[in-house]
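These are the residues of each chain, in order.
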Amino acid sequence: MDTIKQAGNYVSDKIQGTTHEASKEANKDVAKDNNAGVGTRLQAAGDAIGDKAKEHKYDASAEANKQAATH
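In this text the structure is predicted, and so the values were computed from the model without any measurement.

Caption draft 1: Summary view of the side chain of aspartate 13. Examined against the element boundaries, aspartate 13 turns out to sit in helix α1 (residues 2–32). Only 2.6 Å separates the side chain of aspartate 13 from the side chain of serine 61, close enough to count as a polar contact. With residues near it in sequence (within four places) discarded, aspartate 13 still touches Tyr58, Ser61, Ala62 and Asn65.

Here's what the structure looks like:
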């Protein structure tokens, strides 16, 4: 039963990581947009940094769940 739970957690973590990766890329584009206001660009840059940290967190968690499910 634990293997099924860990496999489900793996899938969930992979989805969360991918979602944050997409958000990071969108925020990077806004941060680079010369037509956006300075405040908007700074906020987007900060959000991109936060998304990158969350992406790494979920990717690490997914890998841990994957390893636990296979052993």
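Next comes the rest of the account.
Caption draft 2: Just the side chain of asparagine 65, in detail. With respect to the helices and strands, the residue asparagine 65 is situated in helix α2 (residues 38–70). On the basis of relative accessible area, asparagine 65 is assigned to the buried category, the value being 14%. Each residue touching asparagine 65, except ones within four places of it in the same chain, is listed here: Gln6, Asn9, Tyr10 and Asp13.

Caption draft 3: Representation of the pattern of salt bridges. According to the stated counting rule, one finds three salt bridges in the structure shown. When the shortest N-O distance is used, the salt bridge between lysine 24 and glutamate 25 registers 3.6 Å. Judged by relative accessible area, which is 9%, lysine 24 ranks as buried. Residue lysine 28 is joined to glutamate 25 by a salt bridge in which the shortest nitrogen-to-oxygen separation is 3.6 Å. With lysine 28 and glutamate 25 both in helix α1 and three residues apart, this pair spans about one turn of that helix. One connected set of salt bridges, linked through shared partners, spans Lys24, Glu25, Lys28 and Glu55.

Caption draft 4: Representation of the packing of α1 against α2 within the structure. Between α1 and α2, the shortest axis-to-axis distance is 7 Å and the interhelical angle comes to 160 degrees. The angle between the axes of α1 and α2 places the two elements in the roughly antiparallel class. In the crossing of α1 with α2, the sense of the turn from one axis to the other is left-handed. Partitioning the contact of α1 with α2 into residue classes produces 11 nonpolar, 11 polar and 14 charged.

The rules behind each value
- Residues numbered from 1 in each chain as written.
- Predicted model: local features only at pLDDT ≥ 70, side-chain atom pairs only at ≥ 80, totals over all residues.
- Heavy atoms only, no water.
- Helix = DSSP H or I, 4+ residues; strand = E, 2+ residues; numbered from the N terminus.
- Polar contact = N/O pair within 3.5 Å; in protein donor to acceptor, adjacent residues only side chain to side chain.
- Contact = heavy atoms within 4.5 Å.
- Buried < 20%, exposed > 50% of the residue type's maximum accessible area, 1.4 Å probe, protein only.
- Salt bridge = Lys/Arg side-chain N within 4 Å of Asp/Glu carboxyl O.
- Axes fitted to C-alpha atoms, helices over the stretch in contact; angles between N-to-C directions.
- Parallel < 35°, antiparallel > 145°, perpendicular 65-115°, else oblique.
- Left-handed = near helix turned anticlockwise from the far one by under 90°.
- Nonpolar A, V, L, I, M, F, W, Y, C, P; charged D, E, K, R; others polar.

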